[in-house]
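Chain and residue survey
In case you want the letters, here they are:
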Amino acid sequence: MRLLIAFVYFLIAYGSLFPFHFSVEEFRQQYDQLLSIQVSGLGDALGNILLFAPLGFLYALKYSLGTCQLSKHIYSMWLYVLLFAFSLQVLQIAMPERDQNIFDVIFNMAGFALGYIGISATRTPLINIQPQLKYLPILIALTYILSELSPFVPTLDLQSFKDSLKPLFIQPTLMVVM
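Before going into details, it helps to say that this report is about the structure given with it. (Residues numbered from 1 in each chain as written. Predicted model: local features only at pLDDT ≥ 70, side-chain atom pairs only at ≥ 80, totals over all residues. Heavy atoms only, no water.)

Focus: the packing of aromatic side chains
Here the structure, examined in full by the defined rule, presents 13 aromatic pairs. Aromatic side chains Y14 and F20 sit 5.4 Å apart centroid to centroid with 65° between the ring planes, which places their arrangement in the edge-to-face category. F20 gets classed as partly exposed once you look at its relative accessible area, which sits at 38%. Relative to F112, the ring of W78 has its centre 4.7 Å away and its plane inclined at 85°; by these criteria the two rings are edge-to-face. (Phe/Tyr/Trp six-rings, centres within 6.5 Å; stacked < 30°, edge-to-face > 60°. Buried < 20%, exposed > 50% of the residue type's maximum accessible area, 1.4 Å probe, protein only.)

Now the structure itself:
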């Protein structure tokens, strides 16, 4: 479970910092904008909420599996997620194409809370998330589809997503290895 949570952290950081064009000059000019209070729009708010919901979901599953005691780790868990969200916003200051905002951290924490409380409230019975060999063909197919979607540009643009999937349906290639 710990590796899965670490992978979700990685995906969140990747999606938040893509295309990784950092500029020290931009950081010097814009660092005071971090505490600006402005909401970019409904799509931005929903994107920030949905970005952290899987992390809350996984932490709730981790503590529902009984491997850790929740009361001992709840404050540190929330603090780690808050520091991670804030760190992403600080890093986005150095990116000219990104808009940083303190409200993004609040929306990130709201998404984490929704994922965490959503699973915790359902009193989900233990879920076996151990990999099974019978799902290997599905995993291979999903890996191929994800490779066609690379470079994994985070966007909510439906047309961009459709354009990434076109090679799968227009000229699919099939190789048989013997």
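A short note on the environment of A94
Within the secondary structure layout, A94 lies in the loop between α4 (70-93) and α5 (102-121). Separated by 73 residues in the primary sequence, A94 and H21 have C-alpha atoms spaced 8.0 Å apart. When sequence neighbours within four positions are dropped, the list of residues in contact with A94 reads H21, F22, S23, E26 and F27. (Helix = DSSP H or I, 4+ residues; strand = E, 2+ residues; numbered from the N terminus. Contact = heavy atoms within 4.5 Å.)

Description of the packing of helix α3 (residues 42-64) against α5
Packed helices, taken two at a time, are described by their axes: the angle between them and the distance between them. Their axes nearest at 6 Å, the elements α3 and α5 cross at an angle of 40°. Classified by the angle their axes make, α3 and α5 are oblique. Between α3 and α5 the crossing geometry is right-handed. Across the contact of α3 with α5, the residue classes break down as 16 nonpolar, six polar and two charged. (Axes fitted to C-alpha atoms, helices over the stretch in contact; angles between N-to-C directions. Parallel < 35°, antiparallel > 145°, perpendicular 65-115°, else oblique. Left-handed = near helix turned anticlockwise from the far one by under 90°. Nonpolar A, V, L, I, M, F, W, Y, C, P; charged D, E, K, R; others polar.)

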